[in-house]
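Architecture at a glance
For reference, the chains in residue letters:
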Amino acid sequence: MSEKKIIAVVGATGAQGGSVARALLTDGEFAVRALARDPESGAARELAELGAEVVAADLYDVDSLRKAFSGAYGAYLVTPYFTHMSPAKEVEEVRNLVAAAEGLRHVVWSTLEDTREAVPLDYEPMPTLEGKYKVPHFDVKGGEADPLFAQAGLPTTYVRNSFYWNNLLNGSAPHRRADGTLALSLPMGDSRISGIAAEDIGKAVVSILKHPAETIGQTIGLGTEHLTGEEVAKAFSDVLGEPVAYEPMSHNDFRALGFPAAEDLGNMFQYYAEFAGHILPRRDTVRTRELVPGWLTLGEFLTKHRGEIVIG
């Protein structure tokens with residue numbers, strides 16, 4: 001029997017990379033090499049117990065990345081933007097990953113589109129951030145990082161992800177109002193949001209890696225459902241067993257919440273809501289469901305993770 005091809009997974013101890021590592025281990029066709037800054041962390045040890053090879057690597061140490069990619073067939077690449085919220089650092093991280101990935105036969109890069117294709121910098125209802133971005137964590141990937149893969153000639157599949165349903169378990173979960181009733185304040189107005197469970201991202205990536213001839217060179221948007229705020233609130237009502245009203249927050253109020261990513265995420269929600277024609281068609285639910293065996297509806301996801309929902 002020939003040895004399994006190795007897939008190196010960056011960010012394997014995080015939500016997205018972890019979902020990819022676990023899906024690969026469950027499927028069994030590929031061997032998994034999990035990259036972690038701390039191979040002795042609890043999350044890293046859990047992956048090792050599941051059968052992954054865990055290796056130390058740092059996004060700012062190209063030699064460590066080259067060593068981690070050595071002998072691998074392919075890799076899943078993701079960057080931890082919200083740990084530093086710096087476009088310059090993200091570009092540095094991607095440059096290092098691209099330099100280290102030379103020789104890999106299939107790279108899957110977790111990216112997003114450049115919102116400035118649809119949202120002019122002089123669009124006043126949405127503030128411009130850092131002088132040149134509308135949604136920095138989108139724009140730096142689509143506008144500055146994506147071209148680096150093509151310039152290097154890497155055999156790449158560009159995967160555009162959607163809103164994680166996992167975000168609805170805590171920060172974006174319903175809150176209890178003064179009168180004791182529940183309300184969902186997702187700042188989406190009457191628009192639809194494209195979403196996916198983090199665990200389903202991993203399943204999609206396994207399918208992509210299994211079909212290189214059909215996926216290398218393509219940009220694939222992942223989204224299992226496009227739901228209105230009312231539909232998200234209804235899913236919560238069904239799972240929690242009590243009514244959840246949909247009372248969307250305004251984008252300005254969201255940006256004013258004051259936490260570090262408030263402006264970036266407030267702009268993101270405004271992009272989702274006001275430029276749906278730019279984002280939703282790029283996340284084909286039919287194709288996503290074909291890539292994801294046993295995909296989870298939002299209701300199924302909330303039921304599965306009922307005990308993790310943190311009511312505000």
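Structural data are supplied above this passage.
Let me begin by describing the structure that accompanies this report.

Parameters and conventions
In this numbering scheme, every chain counts its residues from 1 along its sequence in written order. Totals for whole chains, interfaces and linings use every residue, but because this is a predicted model, local features are given only for residues with pLDDT of at least 70 and side-chain atom pairs only at 80 or more, for both listing and counting. The basis for every side-chain value is the complete set of non-hydrogen atoms in the structure, without hydrogens or water. Grid points spaced at 1 Å and placed over the protein atoms alone form the basis of the search, with a cavity being a set where a 1.4 Å probe fits but cannot get out and a pocket an open set showing protein on both sides within 12 Å along at least five of seven lines. Lining residues have an atom within 4 Å of a point. Grid points are joined across faces, edges and corners, and a volume is the space filled by probe spheres set on the points. Here a strand is any run of E in DSSP of at least two residues, a helix any run of H or I of at least four, and the numbering for each starts at the N terminus. When DSSP finds two or more bridges between two strands, those strands count as paired. Here the axes come from fitting lines to C-alpha atoms, over the contacting stretch only for helices, and the angles between their N-to-C directions go from 0 to 180 degrees. Only heavy atoms enter the contact rule, under which two residues are in contact if any of them lie within 4.5 Å.

**Notes on the layout of surface pockets**
By volume, the second largest pocket is sized at about 190 Å³. Around the second largest pocket sit Ala-15, Gly-18, Ser-19, Arg-22, Ala-23, Asn-166, Ala-198, Glu-199, Lys-203 and Lys-304, which together line it. Taken together, the elements giving at least two residues each to the lining of the second largest pocket come down to helix H1 (15–27) and helix H7 (198–210).

**Observations regarding the sheet that holds strand S2 (residues 31–36)**
One open sheet holds the 7 strands; their spatial order is S3-S2-S1-S4-S5-S6-S11, and the pairing between them is parallel. Among the strands making up the open sheet, the edge pair consists of strand S3 (53–56) and strand S11 (219–221). Mean inter-strand twist for the sheet, computed between neighbouring axes without regard to direction, equals 20°. Relative to strand S4 (residues 74–77), strand S1 (residues 6–9) runs parallel, the two sharing 3 bridges. Across the sheet, the residue bridging to Ile-7 is Gly-74, located in S4.

**Focus on the sheet that holds strand S7 (residues 163–164)**
Reading across the sheet, the 3 strands line up as S7-S10-S12 and stay open at both edges, with mixed pairing between neighbours. On the outer flanks of this sheet lie S7 and strand S12 (225–228), each paired with one strand and no other. Where strand S10 (residues 192–196) and S12 come together, 4 bridges link them in antiparallel fashion. Paired with Gly-195 across the two strands is Glu-225, which belongs to S12.

**A closer look at the environment of Asp-264**
Mapped onto the secondary structure, Asp-264 falls in helix H11 (residues 262–274). Along the primary structure Asp-264 and Leu-47 are separated by 217 residues, whereas in three dimensions their C-alpha atoms are 32 Å apart. Contact partners of Asp-264, with chain neighbours within four places excluded, come to Tyr-81, Phe-82, Leu-129, Val-135, Pro-136 and His-137.

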